[in-house]
Amino acid sequence: MPVTKVQPFMTEDDLDKKWKKRLLAHRMELIIATCIIVVVTLALGIGLGVGLSCVGKFRCGFSSQCIRSSAQCDGEVDCGNGEDELGCVRLSGRSSVLQVQRGGVWRTVCSEDWNNLLGASACKQLGYTSYVESFFIPLTAIEERLQYNLVSINLSQSQIIKLQNAPTFSKTQCTSGKVTTLKCLECGFRPKYATRIVGGNLSRPGQFPWQVSLHFSSEHLCGGSIITSLWIVTAAHCVFGFTDPSMWTIHVGQTEQPVHGAQSLAVEQIIYHTRYRPKGLDYDIALMKLTKPLVFNGFVEPICLPNYGEEFEEGTMCWISGWGATEDEGETSVFLRSAMVPILSTKTCNQPEVYQGLISPWMICAGYLEGGTDSCQGDSGGPLACEDTSRWKLVGATSWGIGCAIRNKPGVYTRITHSLSWIRQQMEVSACYCTIQYNSNETWIYSTLE
Ligand code: ARG
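These lines cover the structure that appears in this document, whether it is placed above or below.

## Some details on the sheet that holds strand S14 (residues 263-272)
Then, in step 1: Read once around its circumference, the closed barrel built from six strands follows the order S10-S11-S12-S15-S14-S13, with strand pairing classed as antiparallel. Taking the axes of each pair of neighbouring strands and ignoring which way they run, one obtains an average angle of 40 degrees across the sheet.
Then, in step 2: The pairing of strand S13 (residues 248-252) with S14 spans four bridges and is antiparallel. Each residue of the ladder has a partner; that of Thr249, found in S14, is Ala266.
Then, in step 3: Of the strands in this sheet, strand S12 (231-234), S14 and strand S15 (286-290) touch helix H5 (residues 416-429), which is tilted by about 40 degrees from S15.

Encoded structure:
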């Protein structure tokens, strides 16, 4: 027999009320629990999201570590890999005005108290292993936007430092009325190029001394540009999936393929932009570091990087060069070829009949909307070079296009001014652990410390 427990002294009515009460309490409990779960999930989600996106903070590289914004470029390493103290120096505008960042603000460096050791330190922070000289120019001669935040850097110690570490980092005025401009490398000159009549658009030796041919498994695959004695700029799509340095050689100082007695060099390291994806078109930039420094001789010379904030206007005539195909889907060329092409504005290039909004800030277009002259397969990674007050600057790296030389489909190049901070950071990270000395040839040399 099942036992039915009946509570004593309870009527039917009492029982009903009690159950109703219980049910209500139960419902309340359920609602409260749901609320708590929702609140906790939201809090966690938002917290995690903020943590991951580092809102209002500085993110250390691609890690999840965030630090205070003011801790960036403050002279003290806060990130695990020191990322917060990288990219704290830049050259700006057409005169290469030196700027230093501290606590998130970029300041133009005044000329007072400046010395060559500081100059050499600044070049090292820019990723160079050389320093040529500093010039001082009137504050009023530089672009207006560079004239507002000023700083004087005073350093008596005779050692290499990071500029943002300087103990005296002061002033909002340049008492001298002058600012510091910096030259780390002689670049963008063509000392062995004699302008003679060029047959068609074949290039003469020394015409593009920064042009390199990148060979993968002994075959020309892409172009590239020499930017220092150790670094070559190319396109990420050239090296993506092929980052084993031992498979590559770099050929310099040549106009003809295959190579006759030109300098050929081994590669130590290949770095491409971490955000580059083969399906995408952005971030198409890579660097190759050579195992040994190049010897510059007129046929082999570096091209200058542009400065921060430099614009290359629509209509500026620039040059493209390479051993790429001379027609769409054609063979690579035996001779180095080149062509003069105008820069196109992003607005022009994004028109519906051209690239319909595909052109991002990472890209710069150059060529003719009527077609006929363009870069092509095999030219990738190579230079889009513009002459600017007698020096040549690297404005683009050949990236993509629809077909070659087709009407309304001009060449698209990776915009170097947009890639500058990435390029500089890579070079700074792998720069030497070294001291700087003034040597008997009246040049500054960086000697590696053990
Ligand atoms: N992606 C090509 C290469 O790998 C370069 C294409 C340039 N195309 C153009 N129409 N400009 O060599």
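Now that the structure has been shown, the text picks up again.
## Quick notes on the site of the ligand
Then, in step 1: In the region of the ligand, 14 residues are neighbours, and Asp374, Ser375, Gly378, Ser380 and Gly403 sit closest.
Then, in step 2: The side chain of Asp374 places a nitrogen or oxygen atom 2.8 Å from a nitrogen atom of the ligand.
Then, in step 3: Ser375 has a polar side-chain atom sitting 2.8 Å from a nitrogen atom of the ligand.
Then, in step 4: Relative to its unbound accessible surface of 350 Å², the ligand loses 90% to contact with the protein.

## Examining unusual backbone geometry
Then, in step 1: The backbone phi angle of Ser96 is positive, close to 60 degrees, even though this residue is not glycine.
Then, in step 2: With respect to the secondary-structure elements, Ser96 resides in the loop between strand S3 (89-92) and strand S4 (97-102).
Then, in step 3: By relative accessible area, which is 17% here, Ser96 ends up buried.

## Overview of the state of the cysteines
Then, in step 1: All told, the structure shown has ten disulfides when counted by the stated rule.
Then, in step 2: In this model Cys54 forms its disulfide with Cys66; the gap between the sulfur atoms is 1.9 Å. One quick way to see it: the torsion about the S-S bond of Cys54 and Cys66 is about -80 degrees, and its sign makes the bridge left-handed. With Cys54 in the loop between helix H1 (12-53) and strand S1 (57-59) and Cys66 in strand S2 (residues 66-68), this residue pair connects regions lying twelve residues apart in the sequence.
Then, in step 3: On the accessibility criterion, Cys54 (4% relative accessible area) is buried.

## Topic: the pairing of strand S9 (residues 178-183)
Then, in step 1: Within S9, five of the six residues are buried, which leaves it mostly tucked inside the rest of the structure.
Then, in step 2: Inspection of the sheet shows strand S6 (residues 133-138) paired to S9 by six bridges, in the antiparallel sense. When the bridges of S9 are listed, Phe136 appears paired with Thr180.

Definitions and cut-offs
Residues numbered from 1 in each chain as written. Predicted model: local features only at pLDDT ≥ 70, side-chain atom pairs only at ≥ 80, totals over all residues. Heavy atoms only, no water. Pairing = 2+ DSSP bridges. Helix = DSSP H or I, 4+ residues; strand = E, 2+ residues; numbered from the N terminus. Axes fitted to C-alpha atoms, helices over the stretch in contact; angles between N-to-C directions. Contact = heavy atoms within 4.5 Å. Near = heavy atom within 4 Å. Polar contact = N/O pair within 3.5 Å; in protein donor to acceptor, adjacent residues only side chain to side chain. Areas by Shrake-Rupley, 256 points an atom, 1.4 Å probe, with all protein chains shown as cover. Buried < 20%, exposed > 50% of the residue type's maximum accessible area, 1.4 Å probe, protein only. Disulfide = S-S within 2.5 Å.

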